[in-house]
Amino acid sequence: MPPTNVSDPRYYHKVVDCQWACPAHTNVPEYLRLIAQGQYTDSYMLNRESNVFPGILGRTCDRPCEPACRRGRVDGKPVAICRLKRVASDLRDDDISALLPTAPAVKNGKRIALIGAGPASLTVANDLIPLGYDVVIFEKYKQAGGLMRFNIPAFRLPASVLDEETANIIDMGADVRYGTNISSLKSLLAENYDAVFVGSGAPKGKELEIPGRREGNSKDVIHIGIEWLGSVHFGHIEKIEKRVLIIGVGNTAMDCCRTSKRLGATDVKVIARRSRPHFKASPWELEDAEEEQVEIVENHAPKTFIYENGKLVGMEFEQLEWSDADGKQKSRVTGTVVIPCDAVILAIGQDNAFPWIERDIGIEFDKWEMPTVDKATMESTRKGVFFGGDSAWGPQNIIWAVEHGHQAAISIHQHCESKPLQDRPPYGMNLVSSKVGMNGWMYSNDYNPSPRAKMTHEELVKRFSAVNVEVELGFTPEQTAREVQRCLNCDIETHFEEKLCIECDACVDICPENCITIAPAGDEADLRTRLSAPATNMSQEIFVSDGLPQTKRVMVKDEDLCLHCGLCAERCPTAAWDMRKFELVIPYAFAGTDKTEDRRPKTETASGGIR
């Protein structure tokens, strides 16, 4: 249960929501502060500790941190955390090689095999190479990046960004064997690696077996989404028919429809079984597709491919109406419709493909032919074999693959040290009591009413001129300054000590949001009816102090409304209110072990500490 007493240190864990929402726990407030000070290189390096690929994720992340951002509770739009990661990447110093982790002169004698050079495997390499491991990466293609390179179009993620950030890891000393396809895990295990990590992704697109799928010239005009995107990347496909239907409405479908527009399609429709609230695609991906004049058709289920004289001319769809019955969504067919088309791209999901993993080597698979993997340690049922990224539990976003890599690296290090994998380095926090106040903050703490910065896009004519023209142009310095100031400073926390309170109510009087109440004690439901401002967000608990020394009343704070402006701490005559700085301490395989020193570059943070 979350704490209900604001003097409980766990309170600070609850509040900095954006950090906990990100799987890799990026230190968002700290790098925003550094960006505000123009310290783009410092911000990039701080960001890189957790997410490893700031430039890549600054363009492609699914942004799990942003829905948790408290700014969204104020004006409906969170801080553009993802795009500010890109700012730090784009504006940093050209040469950061001296700041990157390096391999030690003396290795530890352990050899680790990584299958696939995607984000999960590269994160493992990033964490283990500084510890002295010899890391061998087997990559079937001629370039690193995995699905980041072959299935995210260049108009979203330029090759130059991928090349640079993957090279930052590989150049630490990884032995990458390009053009090497692993066809037998048993054979690889026979080479006596100390551990093996499988980061091969989910490379198999799902099929749609309905009438007409195998008729006529279907092999030329009906494509599997991720395979088609890969063929476009390699230059095997350079054009597509004029009328294209995309079946599915995930992010891969958005990449397919937008790529189609760049290869000559003029009429592109995305077909979805459900209505927009149920789409898997990110809202911004949908907006970008519609900006490029892609039509999205809701509540249609594929029924039949239609041919004339052996040529695909359309698809028949069932029109669906959805209702809620017994808590479950059910559909009924209200009619059928034929939509003309010349080509179809199937983007209805991805599957793992493990024909190269023998079933007699101690790795168990479930009924969906997925490996059984421990969610905490990333280890399979065979000791010393680990999985991560899409190969572990199916398609997720890149930041999850990064977190899997961090956790797998910890496990591999524990495994090689003959220590229990369940003994994980503890998450910690640093809470600095400093009476920060109004004038001692690192950057402006005034509430900035500016709306969320709008990303500038390349004009339509130019972006359609080539498949590799990047659409998003990044934030200007002026946009960056305004966007950073929208942050509500979640890492500067209000801290209350009952024993110092004289119940003068000065904090209540000065609070601009009326989020502080001093009232007789009661249960939560009762207290919510007696607050200075109604606590309408029931998902955010209110925080309640112990009894105050004078009257035994309690101090109640509604964190949902608090702007962290510091006025209560500035006004309090007894320092019962304080402003304290929260810093999340995140463990990695290359830090915090009892046998190896932390080989990360030591850089001074804005707060004067050493990270």
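Structural data are supplied above this passage.
First things first, this report covers the structure right here in the doc.

## Describing the pattern of salt bridges
And then number 1: In the structure shown here, the tally under the stated rule is 38 salt bridges.
And then number 2: The residue Asp 90 makes a salt bridge to Arg 86 at a minimum N-O spacing of 2.8 Å. Residue Asp 90 and its partner Arg 86 are both found in helix α7 (residues 81-90); the two are separated by four residues, about one turn of the helix.
And then number 3: By relative accessible area, Asp 90 is classed as partly exposed at 38%.
And then number 4: Overall, Arg 86 belongs to the buried group, its relative accessible area being 4%.
And then number 5: The salt bridge partner of Arg 332 is Glu 321, with a shortest N-O separation of 3.0 Å. Residue Arg 332 is found in strand β12 (residues 328-340), and its partner Glu 321 is found in strand β11 (residues 311-325); the two are separated by eleven residues along the sequence.
And then number 6: For Arg 332, a relative accessible area of 49% puts it in the partly exposed group.
And then number 7: Three or more residues are tied together by salt bridges with common partners; here these are Arg 258, Arg 262, Asp 288, Glu 291, Glu 292 and Arg 463.

## Brief notes about a negative patch on the surface
And then number 1: A surface patch of negative charge is lined by Asp 42, Asp 93, Asp 94 and Asp 95.
And then number 2: On the secondary structure map, Asp 42 appears in helix α4 (residues 40-51).

## Here we look at the nonpolar core
And then number 1: In this structure, Phe 53, Leu 128, Ile 137 and Ile 412 are the most contacted members of the largest nonpolar core, which totals 72 residues.
And then number 2: At nine residues, helix α17 (residues 398-416) tops the list of elements feeding residues into this core.
And then number 3: Setting aside anything within four residues of it in sequence, one finds Ile 137 in contact with Leu 114, Gly 116, Ala 117, Leu 122, Ala 125, Ala 174, Asp 175, Val 176 and Arg 177.
And then number 4: Cys 256, Cys 257, Val 297 and Phe 317 belong to the second largest nonpolar core, which has 44 residues in total.

## What about the side chain of His 457?
And then number 1: Considering the arrangement of structural elements, one finds His 457 in the loop between β16 (428-433) and α18 (460-463).
And then number 2: Engagement of the side chain of His 457 in a polar contact is seen with the side chain of Glu 291, the distance being 2.9 Å.

## Describing α4
And then number 1: Helix length check: α4, at twelve residues, gives a terminal C-alpha distance of 16 Å against a target of 16 Å (1.5 Å per residue), a fit within 8%.
And then number 2: The buried fraction of α4 is high, at eleven of twelve residues.
And then number 3: Those residues of α4 lying buried are Tyr 40, Thr 41, Ser 43, Tyr 44, Met 45, Leu 46, Asn 47, Arg 48, Glu 49, Ser 50 and Asn 51.
And then number 4: Each element contacted by the buried residues of α4 is listed here: α3 (28-36), α5 (54-60), α7, α8 (119-128), α10 (159-170) and α17.
And then number 5: The first or second residue beyond α4 is Val 52, which carries a positive phi of 65°.

## With respect to the packing of aromatic side chains
And then number 1: Scanning the model with the defined rule gives eight aromatic pairs in all.
And then number 2: The interplanar angle of 50° and the centroid separation of 5.0 Å between the aromatic rings of Phe 496 and Trp 577 together place this pair among those described as tilted. Of this pair, Phe 496 sits in strand β17 (residues 492-496) while Trp 577 sits in strand β21 (residues 577-585), and the two are 81 residues apart along the sequence.
And then number 3: Overall, Trp 577 belongs to the buried group, its relative accessible area being 1%.
And then number 4: Members of the aromatic cluster, joined through ring pairs, are Phe 354, Trp 356, Phe 365 and Phe 387.
And then number 5: The residue whose ring lies beneath Arg 92 is Tyr 44, and the NZ or CZ to ring-centre distance is 4.2 Å.
And then number 6: One Lys or Arg, Arg 359, reaches over the ring of Phe 365 and ends 3.8 Å from the middle of that ring.

## Here's the deal with the environment of Ala 343
And then number 1: Locating Ala 343 in the fold gives a position in strand β13 (residues 343-346).
And then number 2: Spatially, the C-alpha atom of Ala 343 lies 32 Å from that of Trp 356, the residues being 13 residues apart in sequence.
And then number 3: Ignoring anything within four residues of it in the chain, the contact list for Ala 343 reads Val 221, Ile 240, Glu 241, Arg 243, Val 244, Leu 245 and Leu 312.

Parameters at a glance
- Residues numbered from 1 in each chain as written.
- Predicted model: local features only at pLDDT ≥ 70, side-chain atom pairs only at ≥ 80, totals over all residues.
- Heavy atoms only, no water.
- Salt bridge = Lys/Arg side-chain N within 4 Å of Asp/Glu carboxyl O.
- Helix = DSSP H or I, 4+ residues; strand = E, 2+ residues; numbered from the N terminus.
- Buried < 20%, exposed > 50% of the residue type's maximum accessible area, 1.4 Å probe, protein only.
- Patch = residues over 30% accessible without salt bridge, like charges linked within 9 Å, V, L, I, M, F, W, Y side chains within 5 Å.
- Areas by Shrake-Rupley, 256 points an atom, 1.4 Å probe, with all protein chains shown as cover.
- Lys, Arg positive; Asp, Glu negative; His and termini not counted.
- Charge placed at Lys NZ, Arg CZ, Asp CG, Glu CD.
- Core = buried A, V, L, I, M, F, W, Y, C linked by side-chain atoms within 4.5 Å.
- Contact = heavy atoms within 4.5 Å.
- Polar contact = N/O pair within 3.5 Å; in protein donor to acceptor, adjacent residues only side chain to side chain.
- Expected span 1.5 Å × (residues − 1).
- Phe/Tyr/Trp six-rings, centres within 6.5 Å; stacked < 30°, edge-to-face > 60°.
- Lys NZ or Arg CZ within 6 Å of the ring centre and 35° of its normal.

Keep in mind these numbers describe shape, not what the thing actually does.
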